[in-house]
Amino acid sequence: MSASFSDQLIAVLPRLRRFARGLAGSAAEADDLVQAACERALTRAHQFQEGTRFDSWMFRIVQTIWIDHLRARDIRKEGGEDEGMHVGTDEPVRRVEARLALDEVRAALRELPGDQRTALLLVTVDGLSYKEAAEIAEVPVGTIMSRLARARLALQARLESGKALRRSRDNAEAE
Amino acid sequence: MQKPSDERLIAYLDGEVDERERAEIAWWLEQDEGLRERAGRLAENAALLRAAFDEVLREPLPERLIAAARGESPQKPQKVTNLAVHRMKRLLGQRRWWIGVPVAASIAGLVVGYFAGNQAGTDLAEQQEVVSPAGGTWLDSIAGYHKLFVNAGVNDAALADVPPTEGDAAHKVAQKLPPDFRVPNLKPWGLAFQGARFIFIEGRPGTQLFYTTDNKALGPLTVIVANSNRGDLQPTFARRDDVNMIYWRHHGHAYALVGTADIGYLWNIHNDIAWQLDAI
(Lines give C-alpha, C1' and ligand atoms only; values in the text may rest on other atoms or scores of the structure.)
Protein backbone atom coordinates (compact mmCIF):
# COMPACT_ATOMS: atom_id res chain seq x y z
CA MET A 1 0.00 0.00 0.00
CA SER A 2 1.39 3.39 -0.94
CA ALA A 3 2.26 5.80 1.82
CA SER A 4 0.29 8.55 0.13
CA PHE A 5 -2.89 6.47 0.15
CA SER A 6 -2.49 5.78 3.86
CA ASP A 7 -1.64 9.41 4.50
CA GLN A 8 -4.84 10.49 2.79
CA LEU A 9 -6.72 7.97 4.86
CA ILE A 10 -5.21 9.19 8.13
CA ALA A 11 -5.92 12.80 7.19
CA VAL A 12 -9.61 12.10 6.72
CA LEU A 13 -9.95 9.93 9.86
CA PRO A 14 -11.21 12.75 12.16
CA ARG A 15 -14.04 13.56 9.76
CA LEU A 16 -14.87 9.90 9.26
CA ARG A 17 -15.02 9.42 13.03
CA ARG A 18 -17.35 12.39 13.36
CA PHE A 19 -19.60 11.05 10.61
CA ALA A 20 -19.57 7.56 12.10
CA ARG A 21 -20.28 8.93 15.58
CA GLY A 22 -23.38 10.60 14.23
CA LEU A 23 -24.52 7.43 12.54
CA ALA A 24 -23.75 4.99 15.33
CA GLY A 25 -24.22 7.14 18.40
CA SER A 26 -21.59 5.28 20.39
CA ALA A 27 -17.91 6.19 20.16
CA ALA A 28 -16.75 2.59 20.32
CA GLU A 29 -19.16 1.43 17.66
CA ALA A 30 -18.26 4.42 15.50
CA ASP A 31 -14.56 3.58 15.70
CA ASP A 32 -15.32 -0.03 14.81
CA LEU A 33 -17.14 1.30 11.78
CA VAL A 34 -14.24 3.54 10.76
CA GLN A 35 -11.77 0.71 11.27
CA ALA A 36 -13.84 -1.55 9.04
CA ALA A 37 -13.98 1.24 6.46
CA CYS A 38 -10.20 1.65 6.52
CA GLU A 39 -9.72 -2.05 6.01
CA ARG A 40 -12.17 -2.11 3.15
CA ALA A 41 -10.58 0.94 1.56
CA LEU A 42 -7.15 -0.65 1.67
CA THR A 43 -8.36 -3.84 0.05
CA ARG A 44 -10.17 -1.85 -2.62
CA ALA A 45 -7.66 0.92 -3.11
CA HIS A 46 -7.40 0.00 -6.78
CA GLN A 47 -11.04 0.99 -7.19
CA PHE A 48 -10.40 4.57 -6.13
CA GLN A 49 -10.25 6.81 -9.18
CA GLU A 50 -7.47 9.37 -9.10
CA GLY A 51 -8.81 12.86 -9.62
CA THR A 52 -11.99 12.18 -7.69
CA ARG A 53 -12.52 13.18 -4.09
CA PHE A 54 -10.94 10.80 -1.66
CA ASP A 55 -13.02 12.01 1.28
CA SER A 56 -16.27 11.41 -0.61
CA TRP A 57 -15.12 7.92 -1.50
CA MET A 58 -14.39 7.17 2.15
CA PHE A 59 -17.68 8.64 3.35
CA ARG A 60 -19.44 6.37 0.88
CA ILE A 61 -17.60 3.34 2.25
CA VAL A 62 -18.52 4.23 5.83
CA GLN A 63 -22.12 4.76 4.80
CA THR A 64 -22.26 1.45 2.93
CA ILE A 65 -20.77 -0.52 5.81
CA TRP A 66 -23.17 1.11 8.23
CA ILE A 67 -26.18 0.20 6.11
CA ASP A 68 -24.89 -3.38 5.77
CA HIS A 69 -24.37 -3.48 9.50
CA LEU A 70 -27.91 -2.31 10.19
CA ARG A 71 -29.35 -4.83 7.80
CA ALA A 72 -27.30 -7.64 9.27
CA ARG A 73 -28.30 -6.88 12.81
CA ASP A 74 -31.78 -5.72 11.92
CA ILE A 75 -31.30 -2.99 14.42
CA ARG A 76 -34.19 -0.97 15.48
CA LYS A 77 -32.76 2.31 16.44
CA GLU A 78 -32.72 3.02 20.09
CA GLY A 79 -30.89 5.79 21.80
CA GLY A 80 -27.32 4.61 21.81
CA GLU A 81 -25.03 5.78 24.49
CA ASP A 82 -23.08 8.84 23.77
CA GLU A 83 -19.58 9.12 25.02
CA GLY A 84 -19.45 12.75 24.09
CA MET A 85 -21.05 13.44 27.40
CA HIS A 86 -18.90 12.95 30.43
CA VAL A 87 -20.38 15.10 33.12
CA GLY A 88 -17.81 15.31 35.83
CA THR A 89 -18.95 16.40 39.24
CA ASP A 90 -16.26 19.06 39.38
CA GLU A 91 -17.25 20.68 36.10
CA PRO A 92 -18.38 24.29 36.29
CA VAL A 93 -22.14 24.64 35.95
CA ARG A 94 -21.79 26.56 32.70
CA ARG A 95 -19.84 23.74 31.19
CA VAL A 96 -22.30 21.14 32.41
CA GLU A 97 -25.19 23.09 30.91
CA ALA A 98 -23.34 23.39 27.64
CA ARG A 99 -22.61 19.68 27.55
CA LEU A 100 -26.20 18.85 28.35
CA ALA A 101 -27.42 21.06 25.53
CA LEU A 102 -25.09 19.35 23.07
CA ASP A 103 -26.17 15.98 24.37
CA GLU A 104 -29.75 16.97 23.69
CA VAL A 105 -28.83 17.79 20.10
CA ARG A 106 -27.11 14.43 19.66
CA ALA A 107 -30.12 12.67 21.15
CA ALA A 108 -32.46 14.54 18.83
CA LEU A 109 -30.32 13.52 15.87
CA ARG A 110 -30.47 9.87 16.90
CA GLU A 111 -34.26 9.99 16.77
CA LEU A 112 -34.25 10.89 13.09
CA PRO A 113 -34.58 8.27 10.35
CA GLY A 114 -31.22 7.06 9.08
CA ASP A 115 -31.43 8.71 5.66
CA GLN A 116 -32.22 12.10 7.19
CA ARG A 117 -29.44 11.68 9.73
CA THR A 118 -26.97 10.92 6.97
CA ALA A 119 -28.01 14.01 5.01
CA LEU A 120 -27.61 16.21 8.09
CA LEU A 121 -24.22 14.77 8.96
CA LEU A 122 -22.87 15.17 5.46
CA VAL A 123 -24.22 18.65 4.70
CA THR A 124 -24.84 20.45 7.97
CA VAL A 125 -22.08 18.91 10.06
CA ASP A 126 -19.42 18.20 7.47
CA GLY A 127 -20.27 21.06 5.14
CA LEU A 128 -20.45 19.07 1.92
CA SER A 129 -22.54 20.45 -0.91
CA TYR A 130 -25.88 18.90 -1.76
CA LYS A 131 -24.32 17.43 -4.88
CA GLU A 132 -21.47 15.82 -2.97
CA ALA A 133 -23.83 14.46 -0.36
CA ALA A 134 -26.09 13.09 -3.08
CA GLU A 135 -23.17 11.26 -4.66
CA ILE A 136 -22.20 9.71 -1.34
CA ALA A 137 -25.73 8.68 -0.50
CA GLU A 138 -26.25 7.60 -4.13
CA VAL A 139 -29.53 9.50 -4.47
CA PRO A 140 -30.60 12.50 -6.60
CA VAL A 141 -29.80 16.01 -5.32
CA GLY A 142 -33.52 16.71 -4.91
CA THR A 143 -33.79 13.77 -2.54
CA ILE A 144 -30.97 15.10 -0.40
CA MET A 145 -32.63 18.50 -0.39
CA SER A 146 -35.97 17.17 0.81
CA ARG A 147 -34.38 14.83 3.35
CA LEU A 148 -32.35 17.69 4.67
CA ALA A 149 -35.36 19.97 4.99
CA ARG A 150 -37.37 17.30 6.81
CA ALA A 151 -34.42 16.59 9.07
CA ARG A 152 -33.77 20.23 9.93
CA LEU A 153 -37.43 20.85 10.72
CA ALA A 154 -37.73 17.66 12.76
CA LEU A 155 -34.57 18.48 14.67
CA GLN A 156 -35.85 21.95 15.40
CA ALA A 157 -39.21 20.59 16.57
CA ARG A 158 -37.52 18.06 18.85
CA LEU A 159 -35.20 20.63 20.37
CA GLU A 160 -38.05 23.05 20.96
CA SER A 161 -40.30 20.38 22.46
CA GLY A 162 -37.41 19.37 24.71
CA LYS A 163 -37.12 22.93 25.92
CA ALA A 164 -40.86 23.13 26.53
CA LEU A 165 -40.81 19.87 28.44
CA ARG A 166 -37.99 21.06 30.66
CA ARG A 167 -39.75 24.33 31.31
CA SER A 168 -42.89 22.52 32.42
CA ARG A 169 -40.84 20.18 34.64
CA ASP A 170 -39.07 23.12 36.18
CA ASN A 171 -42.38 24.84 36.81
CA ALA A 172 -43.81 21.68 38.36
CA GLU A 173 -40.79 21.36 40.61
CA ALA A 174 -40.95 24.99 41.56
CA GLU A 175 -44.55 24.55 42.61
CA MET B 1 -42.71 35.98 -6.21
CA GLN B 2 -43.83 33.34 -3.72
CA LYS B 3 -42.73 33.27 -0.13
CA PRO B 4 -39.95 30.66 0.12
CA SER B 5 -40.88 27.23 1.41
CA ASP B 6 -38.96 25.72 4.31
CA GLU B 7 -37.02 23.62 1.83
CA ARG B 8 -35.94 26.65 -0.18
CA LEU B 9 -35.18 28.66 2.93
CA ILE B 10 -32.90 25.87 4.16
CA ALA B 11 -31.27 25.62 0.75
CA TYR B 12 -30.67 29.38 0.94
CA LEU B 13 -29.05 29.05 4.37
CA ASP B 14 -26.89 26.26 2.97
CA GLY B 15 -25.80 28.43 0.04
CA GLU B 16 -27.50 26.09 -2.42
CA VAL B 17 -29.69 28.48 -4.41
CA ASP B 18 -28.84 30.40 -7.56
CA GLU B 19 -28.34 34.15 -7.72
CA ARG B 20 -31.90 34.98 -8.72
CA GLU B 21 -33.44 32.90 -5.97
CA ARG B 22 -30.95 34.17 -3.44
CA ALA B 23 -32.01 37.71 -4.19
CA GLU B 24 -35.69 36.76 -3.93
CA ILE B 25 -35.26 35.05 -0.58
CA ALA B 26 -33.10 37.92 0.69
CA TRP B 27 -35.94 40.25 -0.26
CA TRP B 28 -38.44 38.13 1.65
CA LEU B 29 -36.15 38.04 4.66
CA GLU B 30 -35.99 41.80 4.63
CA GLN B 31 -39.78 42.10 4.50
CA ASP B 32 -40.90 39.30 6.78
CA GLU B 33 -39.82 39.34 10.39
CA GLY B 34 -41.32 35.90 11.05
CA LEU B 35 -39.34 34.42 8.21
CA ARG B 36 -36.20 36.12 9.49
CA GLU B 37 -36.70 34.64 12.93
CA ARG B 38 -37.32 31.23 11.41
CA ALA B 39 -34.12 31.47 9.39
CA GLY B 40 -32.24 32.53 12.51
CA ARG B 41 -33.51 29.55 14.50
CA LEU B 42 -32.65 27.14 11.69
CA ALA B 43 -29.16 28.58 11.43
CA GLU B 44 -28.73 28.45 15.18
CA ASN B 45 -29.74 24.80 15.37
CA ALA B 46 -27.40 23.97 12.52
CA ALA B 47 -24.56 25.64 14.41
CA LEU B 48 -25.51 23.72 17.52
CA LEU B 49 -25.47 20.46 15.60
CA ARG B 50 -21.99 21.18 14.30
CA ALA B 51 -20.81 22.04 17.78
CA ALA B 52 -22.26 18.78 19.08
CA PHE B 53 -20.03 16.77 16.78
CA ASP B 54 -16.98 18.96 16.39
CA GLU B 55 -15.65 17.60 19.65
CA VAL B 56 -14.86 14.39 17.81
CA LEU B 57 -12.41 16.22 15.57
CA ARG B 58 -10.37 17.28 18.55
CA GLU B 59 -10.10 13.85 20.09
CA PRO B 60 -6.79 12.07 19.67
CA LEU B 61 -7.00 9.41 17.00
CA PRO B 62 -7.11 5.89 18.41
CA GLU B 63 -3.94 3.99 17.53
CA ARG B 64 -5.96 1.10 16.17
CA LEU B 65 -7.43 3.40 13.52
CA ILE B 66 -4.05 4.78 12.52
CA ALA B 67 -2.74 1.23 12.31
CA ALA B 68 -5.76 0.21 10.25
CA ALA B 69 -5.22 3.16 7.89
CA ARG B 70 -1.61 2.07 7.44
CA GLY B 71 -2.60 -1.51 6.89
CA GLU B 72 -0.65 -2.59 9.95
CA SER B 73 -1.63 -5.51 12.20
CA PRO B 74 -5.34 -4.97 11.99
CA GLN B 75 -7.23 -5.69 15.17
CA LYS B 76 -10.69 -7.09 15.13
CA PRO B 77 -13.22 -4.49 16.12
CA GLN B 78 -13.99 -4.97 19.78
CA LYS B 79 -17.39 -5.99 20.95
CA VAL B 80 -18.78 -3.18 23.01
CA THR B 81 -22.14 -4.46 24.10
CA ASN B 82 -21.34 -4.89 27.78
CA LEU B 83 -19.38 -1.70 27.90
CA ALA B 84 -22.25 0.14 26.26
CA VAL B 85 -24.73 -1.16 28.79
CA HIS B 86 -22.44 -0.11 31.61
CA ARG B 87 -22.04 3.36 30.16
CA MET B 88 -25.73 3.69 29.52
CA LYS B 89 -26.48 2.93 33.15
CA ARG B 90 -23.94 5.49 34.22
CA LEU B 91 -25.39 8.07 31.87
CA LEU B 92 -28.93 7.40 32.99
CA GLY B 93 -27.77 8.25 36.48
CA GLN B 94 -26.21 11.43 35.21
CA ARG B 95 -29.40 12.39 33.42
CA ARG B 96 -30.65 13.64 36.74
CA TRP B 97 -28.58 16.65 35.97
CA TRP B 98 -31.36 17.62 33.63
CA ILE B 99 -33.71 18.23 36.52
CA GLY B 100 -33.54 21.78 37.59
CA VAL B 101 -31.10 22.81 34.90
CA PRO B 102 -32.83 25.53 32.94
CA VAL B 103 -31.80 25.73 29.35
CA ALA B 104 -32.48 29.24 28.22
CA ALA B 105 -33.36 30.09 24.68
CA SER B 106 -29.91 31.57 24.30
CA ILE B 107 -28.18 28.33 25.23
CA ALA B 108 -27.10 27.87 21.63
CA GLY B 109 -24.91 30.90 21.84
CA LEU B 110 -23.49 29.81 25.15
CA VAL B 111 -22.80 26.31 23.99
CA VAL B 112 -21.26 27.17 20.70
CA GLY B 113 -19.35 29.98 22.28
CA TYR B 114 -18.10 27.77 25.05
CA PHE B 115 -16.98 24.87 22.96
CA ALA B 116 -15.86 26.75 19.92
CA GLY B 117 -14.16 29.43 21.94
CA ASN B 118 -12.33 27.12 24.23
CA GLN B 119 -11.60 24.41 21.77
CA ALA B 120 -11.84 26.18 18.45
CA GLY B 121 -10.92 24.40 15.29
CA THR B 122 -12.35 21.64 13.21
CA ASP B 123 -9.39 19.54 12.34
CA LEU B 124 -6.14 18.54 13.89
CA ALA B 125 -4.17 21.10 11.97
CA GLU B 126 -6.61 23.78 12.96
CA GLN B 127 -6.12 22.88 16.59
CA GLN B 128 -2.43 23.59 16.19
CA GLU B 129 -3.22 26.95 14.68
CA VAL B 130 -5.66 28.05 17.29
CA VAL B 131 -3.60 27.09 20.29
CA SER B 132 -0.16 28.25 19.40
CA PRO B 133 2.71 27.68 21.82
CA ALA B 134 3.19 31.41 22.21
CA GLY B 135 -0.38 31.81 23.38
CA GLY B 136 -1.09 34.45 20.74
CA THR B 137 -3.49 33.17 18.13
CA TRP B 138 -5.01 34.25 14.89
CA LEU B 139 -8.41 34.30 16.50
CA ASP B 140 -7.21 36.32 19.46
CA SER B 141 -5.70 38.83 17.07
CA ILE B 142 -8.80 39.31 14.96
CA ALA B 143 -10.96 39.62 18.08
CA GLY B 144 -8.52 42.26 19.31
CA TYR B 145 -8.67 44.14 16.02
CA HIS B 146 -12.46 44.11 16.21
CA LYS B 147 -12.40 45.59 19.71
CA LEU B 148 -9.95 48.22 18.55
CA PHE B 149 -12.35 49.25 15.82
CA VAL B 150 -15.33 49.33 18.17
CA ASN B 151 -13.48 51.31 20.82
CA ALA B 152 -11.95 53.82 18.42
CA GLY B 153 -15.17 54.39 16.50
CA VAL B 154 -15.54 54.96 12.82
CA ASN B 155 -14.68 58.62 13.07
CA ASP B 156 -11.10 57.90 14.09
CA ALA B 157 -9.35 58.93 10.88
CA ALA B 158 -6.13 57.27 11.95
CA LEU B 159 -7.80 53.91 12.10
CA ALA B 160 -8.94 53.51 8.52
CA ASP B 161 -6.35 53.15 5.80
CA VAL B 162 -9.12 53.41 3.23
CA PRO B 163 -12.06 55.51 4.40
CA PRO B 164 -15.39 54.89 2.68
CA THR B 165 -15.57 58.46 1.49
CA GLU B 166 -12.81 57.90 -1.01
CA GLY B 167 -14.31 57.42 -4.43
CA ASP B 168 -12.20 54.41 -5.30
CA ALA B 169 -12.19 52.90 -1.81
CA ALA B 170 -13.35 49.53 -3.01
CA HIS B 171 -10.68 49.50 -5.71
CA LYS B 172 -7.94 50.38 -3.22
CA VAL B 173 -9.06 47.66 -0.88
CA ALA B 174 -9.28 45.19 -3.71
CA GLN B 175 -5.64 45.79 -4.63
CA LYS B 176 -4.61 44.22 -1.35
CA LEU B 177 -7.02 41.36 -1.54
CA PRO B 178 -7.59 38.17 -3.49
CA PRO B 179 -8.34 38.56 -7.18
CA ASP B 180 -11.98 39.19 -7.98
CA PHE B 181 -12.55 40.40 -4.45
CA ARG B 182 -15.14 43.06 -3.91
CA VAL B 183 -16.19 44.72 -0.71
CA PRO B 184 -19.20 42.74 0.50
CA ASN B 185 -22.44 44.64 0.25
CA LEU B 186 -24.16 44.15 3.60
CA LYS B 187 -26.74 46.88 3.15
CA PRO B 188 -29.60 44.36 3.15
CA TRP B 189 -28.56 43.64 6.74
CA GLY B 190 -28.53 47.33 7.58
CA LEU B 191 -24.74 47.33 7.75
CA ALA B 192 -22.88 50.26 6.23
CA PHE B 193 -19.28 49.94 5.05
CA GLN B 194 -17.09 52.33 7.06
CA GLY B 195 -13.64 51.74 5.65
CA ALA B 196 -10.78 49.31 5.67
CA ARG B 197 -7.54 48.86 7.52
CA PHE B 198 -4.51 46.90 6.40
CA ILE B 199 -3.20 44.79 9.24
CA PHE B 200 -0.76 42.02 10.07
CA ILE B 201 -2.10 38.94 11.77
CA GLU B 202 0.44 36.42 13.00
CA GLY B 203 2.98 37.95 10.63
CA ARG B 204 0.76 37.76 7.56
CA PRO B 205 -0.89 40.68 5.81
CA GLY B 206 -4.63 40.96 5.99
CA THR B 207 -7.44 43.42 5.54
CA GLN B 208 -10.07 44.39 8.04
CA LEU B 209 -13.32 45.81 6.70
CA PHE B 210 -15.53 47.81 9.05
CA TYR B 211 -19.30 47.85 9.05
CA THR B 212 -21.67 49.61 11.43
CA THR B 213 -25.40 49.56 11.98
CA ASP B 214 -28.07 51.16 14.12
CA ASN B 215 -29.34 47.70 14.98
CA LYS B 216 -27.91 47.06 18.44
CA ALA B 217 -28.72 43.36 18.25
CA LEU B 218 -26.39 43.14 15.31
CA GLY B 219 -23.80 45.63 16.44
CA PRO B 220 -20.71 46.65 14.50
CA LEU B 221 -19.05 43.96 12.46
CA THR B 222 -15.65 43.44 10.97
CA VAL B 223 -14.75 41.18 8.10
CA ILE B 224 -11.19 39.90 7.88
CA VAL B 225 -9.60 38.67 4.68
CA ALA B 226 -6.03 37.36 4.77
CA ASN B 227 -3.71 35.11 2.83
CA SER B 228 -3.25 31.59 4.08
CA ASN B 229 -1.03 28.74 2.99
CA ARG B 230 -3.24 26.21 4.67
CA GLY B 231 -5.91 23.95 3.27
CA ASP B 232 -9.57 24.82 3.00
CA LEU B 233 -11.54 24.91 6.22
CA GLN B 234 -15.27 24.79 6.69
CA PRO B 235 -16.99 27.64 8.53
CA THR B 236 -16.24 27.32 12.22
CA PHE B 237 -17.45 29.28 15.21
CA ALA B 238 -15.24 30.66 17.93
CA ARG B 239 -15.65 33.09 20.76
CA ARG B 240 -13.33 35.42 22.63
CA ASP B 241 -14.93 37.14 25.61
CA ASP B 242 -18.09 38.72 24.19
CA VAL B 243 -16.90 38.58 20.60
CA ASN B 244 -18.30 35.88 18.33
CA MET B 245 -16.44 34.82 15.24
CA ILE B 246 -17.03 32.61 12.27
CA TYR B 247 -14.00 31.81 10.18
CA TRP B 248 -13.24 29.71 7.14
CA ARG B 249 -10.52 29.20 4.54
CA HIS B 250 -10.93 28.81 0.84
CA HIS B 251 -8.34 28.52 -1.91
CA GLY B 252 -5.45 30.08 -0.04
CA HIS B 253 -7.41 32.77 1.74
CA ALA B 254 -8.66 32.98 5.29
CA TYR B 255 -11.87 34.79 6.08
CA ALA B 256 -13.46 35.75 9.38
CA LEU B 257 -16.60 37.55 10.41
CA VAL B 258 -16.32 39.13 13.84
CA GLY B 259 -18.88 40.82 16.05
CA THR B 260 -21.07 40.59 19.09
CA ALA B 261 -24.13 39.52 17.09
CA ASP B 262 -25.51 36.10 17.94
CA ILE B 263 -24.39 33.13 15.95
CA GLY B 264 -27.61 32.94 13.95
CA TYR B 265 -26.99 36.39 12.57
CA LEU B 266 -23.33 35.68 11.96
CA TRP B 267 -24.08 32.46 10.16
CA ASN B 268 -26.55 34.12 7.83
CA ILE B 269 -24.26 37.04 7.11
CA HIS B 270 -21.38 34.64 6.57
CA ASN B 271 -23.47 32.82 3.96
CA ASP B 272 -24.18 36.08 2.26
CA ILE B 273 -20.51 37.14 2.29
CA ALA B 274 -19.28 33.76 1.16
CA TRP B 275 -21.73 33.83 -1.69
CA GLN B 276 -20.68 37.35 -2.65
CA LEU B 277 -17.00 36.48 -2.49
CA ASP B 278 -17.58 33.08 -3.98
CA ALA B 279 -15.51 31.89 -1.07
CA ILE B 280 -17.29 28.63 -0.46
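Scroll up for the structure.
Right, let's walk through the structure included here. Per chain, residue numbering runs from 1 following the sequence as it is written. Written order determines the labels here, with chains lettered from A and ligands numbered from 1. Whole-chain, interface and lining totals are the exception, using all residues; otherwise, since this is a predicted model, local features are given only for residues with pLDDT of at least 70 and side-chain atom pairs are given and counted only at 80 or more. The side-chain quantities take in all heavy atoms of the structure and omit both hydrogens and water.

Moving on, we get to the pattern of salt bridges. Whenever Lys or Arg places a side-chain nitrogen within 4 Å of a carboxyl oxygen from Asp or Glu, that contact is recorded as a salt bridge. This structure, assessed with the given rule, holds 19 salt bridges over all chains. Between Arg 64 of chain B and Asp 32 of chain A there is a salt bridge whose closest N-O contact spans 2.8 Å. Taken together, the positions of Arg 64 of chain B in helix H4 (residues 63-70) and Asp 32 of chain A in helix H2 (residues 27-43) put the pair across two chains. Glu 21 of chain B is the partner of Arg 8 of chain B in a salt bridge, and the nearest nitrogen-oxygen pair spans 2.6 Å. Separated by 13 residues along the polypeptide, Arg 8 of chain B in helix H1 (residues 6-13) and Glu 21 of chain B in helix H2 (residues 19-31) bring together distant segments of the chain. Owing to a relative accessible area of 23%, Arg 8 of chain B belongs among the partly exposed residues under this scheme. Each member of the salt-bridge network shares a partner with another, and the members are Arg 15, Arg 18, Arg 53, Asp 55, Asp 126 and Glu 132 of chain A together with Asp 54 of chain B. Comment: elements are numbered from the N terminus, with helices defined as DSSP H or I runs of at least four residues and strands as E runs of at least two. We call a residue buried when its accessible area falls under 20% of the maximum for its residue type, exposed when it is over 50%, and partly exposed in between, using a 1.4 Å probe and counting protein chains only.

Attention now goes to the packing of aromatic side chains. Note on ring pairs: Phe, Tyr and Trp rings are taken, using the six-membered ring of Trp, and paired if centres are within 6.5 Å. Classes follow the plane angle, with under 30 degrees stacked, over 60 edge-to-face and the rest tilted. Per the counting criterion, the structure on display carries nine aromatic pairs over all chains. Considering the side-chain rings of Phe 5 of chain A and Trp 57 of chain A, the 6.1 Å spacing of their centres and the 75° angle between planes classify their relative orientation as edge-to-face. Taken together, the residues Phe 5 of chain A in helix H1 (residues 3-24) and Trp 57 of chain A in helix H3 (residues 54-73) connect sequence positions 52 residues apart. Phe 5 of chain A gets classed as buried once you look at its relative accessible area, which sits at 6%. Residues Phe 193 of chain B and Tyr 211 of chain B carry aromatic rings whose centres are separated by 5.6 Å and whose planes lie at 55° to one another, so their mutual orientation is tilted. Note that Phe 193 of chain B is positioned in strand E1 (residues 192-201) and Tyr 211 of chain B in strand E2 (residues 204-212), a separation of 18 residues in sequence. Here the aromatic residues Phe 5, Phe 48, Phe 54 and Trp 57 of chain A are joined through ring pairs into a cluster of three or more.

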